[in-house]
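Examination of the molecular architecture
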Amino acid sequence: MTTQPQGPSQSEEKIGVYVCHCGSNIAGTVDVAEVREWAGQRLAGRGVTVARDYKFMCSSLGQELIEKDIKEQGLSRVVVAACSPHLHEGTFRTACGRAGLNPYLCELVSIREQVSWVHTDKHAATDKAKAVVSGGVERVRHHVPLVPLRVAIHPDTLVVGGGIAGIQAALELADAGKKVYLVERDPSIGGHMAQFDKTFPTLDCAACILTPRMVSAGNHPNITLLTWSEVTEVHGYVGNFTVKIRQRARHVKTELCTGCGICQEKCPKKVIDDVYEAGLGYRKAVYTPFPQAVPKYPVIDVENCTYFRKGTCRACEKLCPTGAIDFAQKDEVLTVQVGNIILATGYDLFDPQRVTQYGYGRLANVFTSLEFERLTNAAGPTNGAIVLRDGKTVPKSVGIIHCVGSRDRNFNNYCSAICCMQSLKFAHLVKERTGATVYNFYIDIRTTAKAYDEFYQRVLEEGTLFVRGRVAEVTDAARLPGEEGKLILQVEDTLAGKQRRIPVDKVVLSAGLQPRADAKATAQVFGLSCSADGWFIEKHPKLDPVATMTEGVFIAGCVSGPKDIPASVAQGSAAAARVLSTIDKGEITLEPVRASINATQCSGCRICNTLCPFGAISFLEADRVSEVNPALCQGCGTCVAACPAGAISGTGFSNDQVLSQIEGLLMLNVAYA
């Protein structure tokens with residue numbers, strides 16, 4: 001670490017350049033000393049008075065180095081060449097602020113992600129790093145001091161999604177004394193977990209874990225439970241969101257209903273339950289999804305109710321002892337004010353019918369993992385008996401196929417995280433309840449969490465047979481003796497190095513997880529983005545996994561990717577903690593990087609109004625010009641690029657800043673010796 005001789009300055013600014021080794025992340029590909037030396041000599045005429053390198057600039061010693069130079073050398077601008085600004089821009093801005101320099105007079109340029117990580121030629125990487133530093137120096141000369149925006153925080157919170165992650169988040173906030181609106185589109189909270197019998201690896205009863213929390217959420221004085229409801233509109237900004245919620249008509253007066261169940265008992269209309277019972281059982285046209293539902297009030301299925309279809313019947317109304325049935329009830333739209341939003345809308349199960357070679361929907365005794373969950377559940381359609389599709393035959397052999405729809409380039413290329421443990425749980429339950437021979441067909445066994453591998457060893461000891469290889473086909477076409485009346489799994493056993501045909505009575509497809517079908521539409525309502533796979537994108541996958549790029553909107557559970565129950569619960573608590581921290585502060589500080597409109601140049605064309613992805617621009621009819629709400633604006637620059645009159649400028653991204661950075665990257669202003 002050295003200081004270069006200071007050349008004659010042709011600028012009134014005093015700029016410090018700090019080049020990070022990042023251990024060997026940068027220094028392994030870039031000659032850091034050469035970049036530092038070059039910046040001190042060649043950019044002296046552009047205001048560089050100090051140039052240093054250090055092994056870890058983000059460390060406390062590295063930050064103290066910058067602070068010391070600002071105080072002793074009188075630096076007016078700082079350029080740090082290190083990793084992505086997304087990772088450490090705040091770190092170095094804070095260091096500058098501690099030394100008395102406005103934090104926004106610091107520029108962080110990436111020579112790790114944009115240089116060392118994408119190049120192998122050290123000479124070329126070093127030259128590119130010089131150009132990136134040059135661009136940063138030219139840009140920072142045009143920086144101006146900025147002041148962060150401060151926004152007051154409304155103390156109420158909206159939690160969308162009543163699965164285990166949403167319930168956990170709501171309870172954490174409510175127990176801390178904060179008001180919560182918990183919105184769930186189904187008639188009851190509980191989510192997918194309410195359909196399970198056992199949870200891995202401890203084999204706890206899912207209902208025993210979930211039901212007490214459901215009851216706590218339903219009875220908590222600080223939680224307003226809005227089931228059978230959906231969010232339709234979100235306006236405003238962090239600390240001050242206005243949310244419209246459509247509460248669908250239950251056609252049941254909840255203030256009169258006692259949950260006695262007579263309406264369900266007497267309803268003559270039976271309907272296949274495609275949701276809770278996964279198509280294996282029936283429900284009535286007036287129903288609660290399951291016995292432990294919260295709230296306890298039923299809903300009337302308008303599409304299947306005889307009265308709504310034909311105008312006859314009304315048995316539920318006639319027999320209800322409290323007169324709670326109300327066929328005239330209409331949907332209601334509620335408007336609530338909240339300061340923060342937590343999205344925990346969960347996942348959908350992959351549809352195994354898409355994998356046509358596995359025969360689901362064509363071969364009777366091929367089951368999905370969710371169907372198997374309902375079969376094993378004591379409250380399920382078979383009272384927990386593991387049987388074939390005829391409802392009575394107990395299988396003597398079962399094949400469980402892992403990774404159906406996951407780790408497959410034809411469908412979802414990612415791992416669904418839960419399939420291995422789910423399949424091991426199924427193998428244990430089959431062995432325990434039927435004594436059948438069980439085959440697990442797997443690609444890799446991934447048992448990474450606490451006590452997961454011990455559970456795997458337990459299933460091995462129980463005698464489950466494991467075949468490593470992706471199943472090519474499930475067929476009922478017998479070719480060999482012993483295959484008649486069986487389902488045959490054609491698979492390459494990669495450990496044995498041969499093709500095998502394995503006949504079984506029953507096949508369970510361990511389907512993967514995928515984003516909700518309406519995930520992208522939901523993301524648009526809340527101003528979020530989705531990944532290529534359709535999951536909601538977090539602010540930072542490692543350092544900020546529950547925040548999003550939209551301030552005040554947090555995510556928890558499987559909305560950002562597949563997770564098991566413990567991870568979903570942890571994220572629910574984490575999101576609640578983040579919300580509590582903002583509520584307790586009373587106000588939040590926002591980045592001042594925002595767009596602004598010069599009213600004298602604005603032609604009132606309204607192009608920016610329609611293009612703004614955050615709804616931050618409104619049109620003032622009286623003045624016939626557009627105006628930016630800085631609290632809503634996220635500084636994306638869409639309006640700046642689109643404005644035909646050039647009336648919009650982006651703070652922190654002015655034309656002077658961007659064009660000068662380009663000139664610096666091209667080294668047009670570097671004085672060569």
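Residues numbered from 1 in each chain as written. Predicted model: local features only at pLDDT ≥ 70, side-chain atom pairs only at ≥ 80, totals over all residues. Heavy atoms only, no water.

**Considerations on the overall build of the protein chain**
Here is the rule: Numbering of helices and strands runs from the N terminus; a helix is a DSSP stretch of H or I covering at least four residues, while a strand is a stretch of E covering at least two. Burial classes: relative accessible area under 20% of the type maximum marks a residue as buried, over 50% as exposed, and values in between as partly exposed (1.4 Å probe, protein chains only). Whether two residues are in contact is decided by their heavy atoms: any pair within 4.5 Å suffices.
In terms of helices and strands, the protein chain carries 17 helices and 34 strands. Counting only C-alpha atoms, the protein chain reaches 90 × 70 × 45 Å along its principal axes. Taken across its 673 residues, the protein chain has 52% of its residues classed as buried. Across the protein chain, every contact between residues at least 6 apart in sequence was considered, and the portion connecting residues at least 24 apart equals 69%.

**A short note on the domain arrangement of the protein chain**
As a reminder of what qualifies: Marked domain ranges trace back to an automatic or database domain assignment. Here the quantity called buried area is the accessible surface, traced with a 1.4 Å probe, that two parts lose on coming together, added over both. We define a salt bridge as a side-chain nitrogen of Lys or Arg found within 4 Å of a carboxyl oxygen belonging to Asp or Glu. Under the rule applied, a polar contact is a pair of N or O atoms within 3.5 Å (in protein, one hydrogen donor and one hydrogen acceptor; residues adjacent in sequence only if both atoms are side-chain atoms).
By the assigned domains, the protein chain splits into domain 1 (2–146), domain 2 (147–248 + 334–346 + 516–590), domain 3 (262–319), domain 4 (349–513) and domain 5 (595–651). The gap between the C-alpha centroids of domain 1 and domain 2 is 40 Å. On the domain 2 side, the residues contacting the four residues of domain 1 number six residues. For the pair domain 1 and domain 2, the two sides together bury roughly 400 Å², of which 64% comes from carbon and sulfur. The largest share of the area that domain 1 buries against domain 2 comes from His 86, Leu 87 and Leu 146, three residues that together contribute 83% of it. The interface formed by domain 1 and domain 2 contains zero salt bridges. Where domain 1 meets domain 2, there are one residue pair in polar contact (both at pLDDT 80 or more).

**Comments concerning the packing of helix 11 (residues 419–434) against helix 12 (residues 452–461)**
Let me state the cut-off plainly: Only C-alpha atoms enter the line fits that serve as axes; for helices the fit covers just the stretch in contact. Angles between N-to-C directions range over 0 to 180 degrees. When the near helix sits turned anticlockwise from the far one by under a right angle, the crossing is termed left-handed; a clockwise turn instead gives a right-handed crossing.
Packing of helix 11 against helix 12 leaves a shortest axis separation of 10 Å and a crossing angle of 35 degrees. Here the hand of the crossing between helix 11 and helix 12 comes out left-handed. For the pair helix 11 and helix 12, the contacting residues are Met 421, Leu 424, Lys 425, Ala 427 and His 428 in the first and Tyr 452, Phe 455, Tyr 456, Arg 458 and Val 459 in the second.

**As for the sheet that holds strand 11 (residues 229–237)**
Heads up, the rule is: Here the rule is simple: two strands pair whenever DSSP picks up at least two bridges between them.
Pairing in this open sheet of three strands is antiparallel, and the strands run 11-12-17 from one edge to the other. Two strands lie at the open edges of the sheet, namely strand 11 and strand 17 (332–338), each paired on one side alone. Each strand of the sheet is rotated relative to its neighbour by a mean of 20 degrees, with strand direction disregarded. Two strands pair when backbone bridges link them, and strand 11 and strand 12 (residues 240–247) are joined in this way by eight bridges, in the antiparallel orientation.

**Some words on the sheet that holds strand 29 (residues 553–555)**
Taking strand neighbours across the sheet as the criterion, the five strands line up as 10-7-6-18-29 in an open arrangement whose pairing is parallel. Lying at the two open borders of the sheet, with one neighbouring strand each, are strand 10 (223–226) and strand 29. Taking the axes of each pair of neighbouring strands and ignoring which way they run, one obtains an average angle of 20 degrees across the sheet. Inspection of the sheet shows strand 6 (residues 157–160) paired to strand 7 (residues 180–183) by four bridges, in the parallel sense. In the strand pairing of strand 7, Thr 157 is matched with Val 180.

**Some points on the pairing of strand 4 (residues 106–110)**
Keep this limit in mind: A clockwise course of the path from the first strand over the helix to the second, judged with the strands pointing away from the viewer, identifies a crossover as right-handed.
Burial analysis of strand 4 places five of its five residues in the buried class, the great majority of the element. The side-chain alternation of strand 4 yields two buried faces, one formed by Cys 106, Leu 108 and Ser 110 and the other by Glu 107 and Val 109. The pairing of strand 3 (residues 77–82) with strand 4 spans five bridges and is parallel. Across the sheet, residue Ala 82 finds its bridge partner in strand 4, namely Ser 110. For the crossover from strand 3 across helix 3 (residues 85–98) to strand 4, the handedness is right-handed.

**Comments concerning the side chain of Thr 29**
Structurally, Thr 29 can be placed in the loop between strand 1 (15–20) and helix 1 (32–42). On the accessibility criterion, Thr 29 (14% relative accessible area) is buried. In contact with Thr 29, other than residues within four places in its own chain, are Ser 116, His 119, Lys 122, Ala 125 and Thr 126.

**Remarks on a nonpolar patch on the surface**
Threshold: Patches were defined on residues exceeding 30% relative accessible area and lacking a salt bridge, with like-charge contacts within 9 Å and nonpolar side-chain contacts (Val, Leu, Ile, Met, Phe, Trp, Tyr) within 5 Å. Working definition of accessibility: Shrake-Rupley area with a 1.4 Å probe, residue cover restricted to the visible protein chains.
Side chains of Phe 653, Val 658, Leu 659, Ile 662, Leu 666 and Leu 668 sit close together on the surface and give an oily, nonpolar patch of about 580 Å² of accessible area. For Leu 659, the position within the fold is in helix 17 (residues 655–665).

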